[in-house]
Amino acid sequence: MTRSAQWIYGWLLLLPAMALLVLFTHYPALATLWQSFFSTPKGSRGSVFVGADNYEQLVSDPIFWQALSNNLWYALGTIPASIVIAILMALWVNERIVGRGFLRLAYFTPTILPMIAVANIWLFFYTPEYGLLQQFLSLFGAPNHNWLGSKSTALPALMAVTIWKEAGFFMIFYLAALQSMSPHLAEAAAIEGASRWYFFRRVTFPLLMPTTLFVLVNAVINAFRLIDHIVVMTRGGPDNATALLLYYVYEIGFRFWDTAYAAALTVVLVTILALVALAQFVFLERRVHYQ
Amino acid sequence: MSALVYQPRGAVRGLETAGAWVLGFLWVLPLLYAFWTAFHPAEFSTRFALAAPLTLDNFVRAWAAAPFARYFLNTVVLVTMVLAAQLVLVTLAAYSFARFEFPGRNALFALVLVQLMIMPDVLIVENYHTMTVLGIKDTILSIGLPYMASAFGIFLLRQTFKTVPRELDEAARVEGCTPLGVLWRVYVPLARPTYLAYALVSVSYHWNNFLWPLIITNSVESRPVTVGLQVFSATDQGLDWSVITAATLLTTAPLLVAFLLFQKQFVQSFMRAGIR
């Protein structure tokens, strides 16, 4: 095939996918940035250039800051816990444990359920007075508590749902990594007299690093992207205690229809995701050189 | 195979088995609870008695209270449409990146990868605007359109296509195959496991997707089950938990049954899709 034929084929094959990608990813990302410098059209008054007004509003908006800090706490509260539980699960179902098949199934099942269905089930689970959690705690004489209705426990209650949903998903990546590890490593370490914990700390865990990095990036993206359970369980309440960034975008954009301010908020969200991408790139580069 | 030398022994083994089972129990507990509530009369939804009678009444009431049949149909149409479009677009693009030399290839590939981080899920405000301009708001097409060119799929398939030996490609060309013929006769058949993995991940993603469909749809004719379930359980119709839980199980049943039947394929697909 001639060089120019290569070019034409390459471009033509790419064209349909690229057109849709540009239309629904690149264009909206840039348009959001552009819109964030304009006002929301109201009635007969069209959209006008307002410079950094939307960003000034954002800086002085306490709900934005709360949503941002909620989101950071949410990420911090869910990601390390999910990863630790996922590694434990993977180690367990990789061993010759009794009922391995069932356990693997039990750990993984939440992954394939829709978040919205999961949220419905957990909503009932957390219900004051009747919910299973309250019934269980009452056995120990704990007073009635509205888990999703009080500011101090609502976000942690949602974190538990996320950990429950994600740990099994991350488990399978660790399981795959464990299964591809050479048994000679363990044999050699055992001959050297390494303890089990020492072997995990100095051999298994470092070898799982690429998997951890992959899982970490996914978990961070999910922490900023998945808010289905918030819509169902708390609607950002009580008193914005569970408002995450994307939920706030949704509320501003589709309940108050302030599209310009929603655009400014989206820019912040996209910037965070871009920083994650950049961090991943830098880390991956280092890993490649390291090997 | 696992490292047999470091299998736990004795008391540690017992402790770990117990730990694994406690965790497993905690993990299935919400589901068991949902099943209990859905299959028993409302008065037993929070009371656990062995003698509680079983009933399908909650499912019957849920099915009658909302147009779930239509919601299911919408979801099936959505998932099929998205997958079909994805398979075609992703195959062509992956083939282009894997086997053609052209100016701008690396830059374009980097542009594709942008979507891995900045997904349509977060660009809701602007995409809603685009759908309004296109005049297709509140249609099944508008739910699926932003996801049809999938960076994840292009990436996954490009990796697979790159492992196809060049000799096979060249042999097919000597036999007189056009580039598209080679794609269809050589690359696509060899990438079958990747296609299966991608299809399962895509179907479960779009069956479960919620926020974007919630925003862009506004009628029974276009709502997928996830949104239908939310509309059903959020409107205060004096429904009790048993009916809502039954509806919840109903909407997840097809996926759950498919998963239980094809467990191995599901797990392997998710694994394959994650390892790059």
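What counts and what doesn't
Every chain's residues receive numbers from 1 upward, in the order its sequence appears when written. To read the labels, note that chains go from A and ligands from 1, taken in the order they are written. Restriction of local features to residues with pLDDT of at least 70 applies here, the model being predicted, together with a cutoff of 80 or more for giving and counting side-chain atom pairs; totals for whole chains, interfaces and linings are based on all residues. The way it works is that DSSP assigns letters per residue, a run of H or I at least four long becomes a helix, a run of E at least two long becomes a strand, and they are numbered from the N terminus. Within these notes, the globule rule equals 2.2 Å times the number of residues to the 0.38 power, and the radius of gyration is based on C-alpha atoms. Here, residue contact means that the backbone-derived C-beta atoms of the two residues sit within 7 Å. Gly falls in the polar group here, along with every residue not listed as nonpolar (Ala, Val, Leu, Ile, Met, Phe, Trp, Tyr, Cys, Pro) or charged (Asp, Glu, Lys, Arg). With C-beta atoms placed from the backbone, the exposure class of a residue follows from how many other C-beta atoms lie within 10 Å of its own: 20 or more, buried; 12 or fewer, exposed; in between, partly exposed. Throughout, an axis means a line fitted to C-alpha atoms (over the contacting stretch in the case of helices), and angles, computed between N-to-C directions, take values from 0 to 180 degrees. Here roughly perpendicular refers to angles of 65 to 115 degrees, roughly parallel to angles under 35, roughly antiparallel to angles over 145, and oblique to all remaining angles. Left-handed describes a crossing whose near helix is turned anticlockwise from the far helix through less than a right angle; right-handed describes the clockwise counterpart. One less than the residue count of a helix, multiplied by 1.5 Å, gives the span that helix is expected to have.

Peer 1: Which parts of the structure should I look at to understand the overall build of chain B?
Peer 2: A tally of helices and strands in chain B yields 14 helices and zero strands. The C-alpha radius of gyration computed for chain B amounts to 24 Å, which surpasses the reference 19 Å derived for 276 residues by more than 25%, pointing to a less compact arrangement than a globule. Along the three orthogonal principal directions, the C-alpha set of chain B runs to about 75 × 65 × 30 Å. Across chain B, every contact between residues at least 6 apart in sequence was considered, and the portion connecting residues at least 24 apart equals 77%.

Peer 1: Help me out: how do you make sense of the interface of chain B and chain A in this one?
Peer 2: Interface size, as often reported, equals the accessible area lost upon joining of the parts. Contact residues are listed per partner, giving 77 residues for chain B and 79 residues for chain A. Here the side of chain B that touches chain A takes eleven residues from helix 1 (residues 10–39) of chain B, the largest share from any one element. Considered class by class, the residues forming the side of chain B that touches chain A number 51 nonpolar, 21 polar and five charged.

Peer 1: Even after reading the chapter, I still don't get unusual backbone geometry, so can you show me in this structure?
Peer 2: Peptide bonds are trans in most cases, and residues, glycine excluded, mostly fall at negative phi. Residue and element names in this part refer to chain A. Even without being glycine, aspartate 239 reaches a positive phi, approximately 55°. The class of aspartate 239 is exposed, set by 12 C-beta atoms lying within 10 Å. Positive phi, close to 65°, is recorded for asparagine 240, a residue that is not glycine. Residue placement: asparagine 240 occurs in the loop between helix 11 (228–233) and helix 12 (245–254). A tally of 18 C-beta atoms within 10 Å means that asparagine 240 is categorised as partly exposed.

Peer 1: Could you clarify how one ought to interpret the packing of helix 4 (residues 105–117) of chain B against helix 7 (residues 151–162) of chain B in this entry?
Peer 2: Between two packed helices, what matters for the description is the angle formed by their axes and the separation of those axes. Residue and element names in this part refer to chain B. Contact pair helix 4 / helix 7: the axes reach a minimum separation of 8 Å and the direction vectors enclose 120°. The orientation of helix 4 with respect to helix 7, classified from their angle, is oblique. Pair helix 4 / helix 7 crosses with left-handed handedness. Counting all contacts with helix 4, which are made through Val112, Leu113, Gln115 and Leu116, the residues of helix 7 involved are Ala151, Phe152, Ile154 and Phe155. Residue composition of the contact of helix 4 with helix 7, by class: seven nonpolar, one polar and no charged.

Peer 1: What exactly am I supposed to notice about the packing of helix 5 (residues 115–126) of chain A against helix 7 (residues 151–179) of chain A here?
Peer 2: Residues and elements named next belong to chain A. Direction vectors running N to C along helix 5 and helix 7 enclose 130°, while the axes themselves pass 11 Å from each other. Comparing the axis directions of helix 5 and helix 7 gives the class oblique. For the crossing formed where helix 5 meets helix 7, the hand is right-handed. Counting all contacts with helix 5, which are made through Met115, Val118, Ala119, Trp122 and Tyr126, the residues of helix 7 involved are Ala157, Val161 and Lys165.

Peer 1: How should helix 10 (residues 209–225) of chain A be read in this particular structure?
Peer 2: Residues three or four positions apart in an α-helix share a direction because the helix packs 3.6 residues into each turn. An ideal rise of 1.5 Å per residue puts 24 Å on 17 residues; helix 10 of chain A measures up with 24 Å between its terminal C-alpha atoms. Taken as a whole, helix 10 of chain A has its buried residues at Thr211, Val215, Ala219, Val220, Ile221, Ala223, Phe224 and Arg225 of chain A.

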